[in-house]
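Given next are the chains, with one letter for each unit.
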Amino acid sequence: MIKIAPSILSADFANLERDIRRISTADYVHVDVMDGMFVPNITIGAPVVQSIRKVTDMFLDVHLMIVEPVRYVEQFCDAGADLVTVHVESDSAENIHAAIDKIHAKGKKAGIVLKPKTPAEAALPFLEKVELILVMTVEPGFGGQKFMADMMPKVAAIRKWIDEKNPACELEVDGGVAPDTCRTCIEAGANVLVAGSSVYKAPDITARIAELRG
Ligand code: DX5
Ligand code: ZN
């Protein structure tokens, strides 16, 4: 089954509870955390995750775009994240392993994220110990960018490795996912689709979520 993870980056932050209710037919709530260092934009932190946790039982997929995420992963777990993903480019391999271990020690799911220029092989050292791998289909930092179709071979390569080595692992794509790009992601092997602007700008959000399932 294909899962849809609307990104609240495209929601109205002054009406976050309302905008989370609007996506109740989706599977995950995707929360983009940016620090203005790892990416050139600043969004929200753990206190906001904590507030979201109080108003929804939905699965919270927290995408950390911050430097040295090992410093903060426990805070996000305590705030109520169900899954925390960290970029492989954001620290040494040793510290990425440590971040994953800390997330697991909190009883939460852990994932890794690859920026567009990062090769598929960068996922291999972590592939057997994570519950999700996220392949960025835009440069992280902003919503509303154009989908990078040239990431599909990377998705397909990682799908093959997941099926061989860790079949329970989920494969997520993030950036520019819309009705005209969702099928190519599914065909390449993604099973979780993040979508920000294409969900929140839709005239009928529930219908759009259904449409994105392919
Ligand atoms: C980008 C974020 C995405 C973003 C996707 O750095 O990780 O989650 O919100 O937005 P759209 O779907 O509009 O490309
Ligand atoms: Zn994201």
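Everything numeric in this text was worked out from a predicted model, so none of it was measured.

Student: Looking at this structure, how should I read the pairing of strand 7 (residues 170–174)?
Tutor: For a regular strand, side-chain orientation follows a simple rule: the groups alternate between the two sheet faces. Burial analysis of strand 7 places 5 of its 5 residues in the buried class, which makes it a mostly covered element. Bridge count for strand 6 (residues 132–136) against strand 7 is 5 bridges, and the pairing is parallel. If you follow Met-136 over to strand 7, its bridge partner there is Asp-174. Regarding topology, helix 5 (residues 152–165) serves as the crossover connection from strand 6 to the parallel strand 7, and that connection is right-handed. Tracing the backbone out of strand 7, into helix 6 (residues 182–188) and back to the parallel element strand 8 (residues 192–195) gives a crossover that is right-handed.

Student: Any chance you could explain the environment of Ala-210 here in plain terms?
Tutor: Tracing the chain through its elements places Ala-210 in helix 8 (residues 205–212). Among the residues examined, Ala-210 registers a relative accessible area of 46% and is labelled partly exposed. Here the alpha-carbon distance between Ala-210 and Ile-4, two residues 206 residues apart in the chain, equals 8.6 Å.

Student: Is there a simple way to think about the coordination of the zinc ion (ligand 2) in this case?
Tutor: Put simply, the ideal angle at a metal is 109.5 degrees for four donors in tetrahedral geometry and 90 or 180 degrees for six donors in octahedral geometry. Those donors, His-30 (NE2), Asp-32 (OD), His-63 (ND1) and Asp-174 (OD), are the protein atoms that reach the zinc ion (ligand 2), and they lie 2.0 to 2.3 Å from it. Taken together, the 6 donor atoms coordinating the zinc ion (ligand 2) span angles of 70 to 169 degrees at the metal, a pattern that classifies the geometry as octahedral. In primary-sequence terms, the residues that donate to the zinc ion (ligand 2) follow H-x1-D-x30-H-x110-D. Highlighted residues: His-30 in strand 2 (residues 28–34) and His-63 in strand 3 (residues 59–65), separated in sequence by 33 residues. Residue His-30 is classed as buried on the basis of its relative accessible area, which comes to 0%.

Student: Can you help me understand the pattern of salt bridges in this one?
Tutor: When the charged atoms of two side chains with opposite charge come close together, those side chains can pair. Scanning the model with the defined rule gives 15 salt bridges in all. For Asp-78, the salt bridge identified is with Lys-106, shortest N-O distance 3.0 Å. Taken together, the positions of Asp-78 in helix 3 (residues 73–79) and Lys-106 in the loop between helix 4 (93–105) and strand 5 (109–114) put the pair 28 residues apart, joining distant regions of the chain. On the accessibility criterion, Lys-106 (35% relative accessible area) is partly exposed. The salt bridge involving Asp-163 is made with Arg-159; its shortest N-O contact spans 3.0 Å. Residue Asp-163 and its partner Arg-159 are located together in helix 5, separated by 4 residues, close to a single helical turn. Here Arg-159 falls in the buried class, since its relative accessible area comes to 16%.

The rules behind the values
- Each chain carries its own residue numbering, running from 1 in the direction its sequence is written.
- Chain letters start at A and ligand numbers start at 1, both assigned in the order the entries are written.
- Where local features are concerned, this predicted model is filtered to residues with pLDDT of at least 70; where side-chain atom pairs are given and counted, the filter is 80 or more; whole-chain, interface and lining totals use all residues.
- Side-chain measures here rest on the full set of heavy atoms in the structure, leaving out hydrogens and waters.
- Think of it in three bands: residues with accessible area under 20% of the maximum for their type are buried, residues over 50% are exposed, and the middle band is partly exposed, with areas taken using a 1.4 Å probe on protein chains only.
- Per the convention used, a helix needs a DSSP run of H or I reaching at least four residues, while a strand needs a run of E reaching at least two, with both numbered from the N terminus.
- By the convention used here, strands pair only if DSSP detects at least 2 bridges between them.
- Handedness of a crossover is defined as follows: with both strands directed away from the viewer, a clockwise route from the first strand across the helix to the second makes it right-handed.
- Only nitrogen, oxygen and sulfur atoms qualify as donors, provided they sit within 2.8 Å of the metal or within 3.2 Å for Na, K and Ca; with water excluded from the atoms, sites may seem incomplete.
- Geometry assignment treats four donors as tetrahedral when all angles are between 85 and 135 degrees, treats four as square planar and six as octahedral when opposite donors are over 155 degrees apart and all others between 65 and 115, and treats everything else as irregular.
- Salt bridge, as applied in this entry: a Lys or Arg side-chain nitrogen positioned within 4 Å of an Asp or Glu carboxyl oxygen.

In short, shape yes, function no, at least from these values alone.
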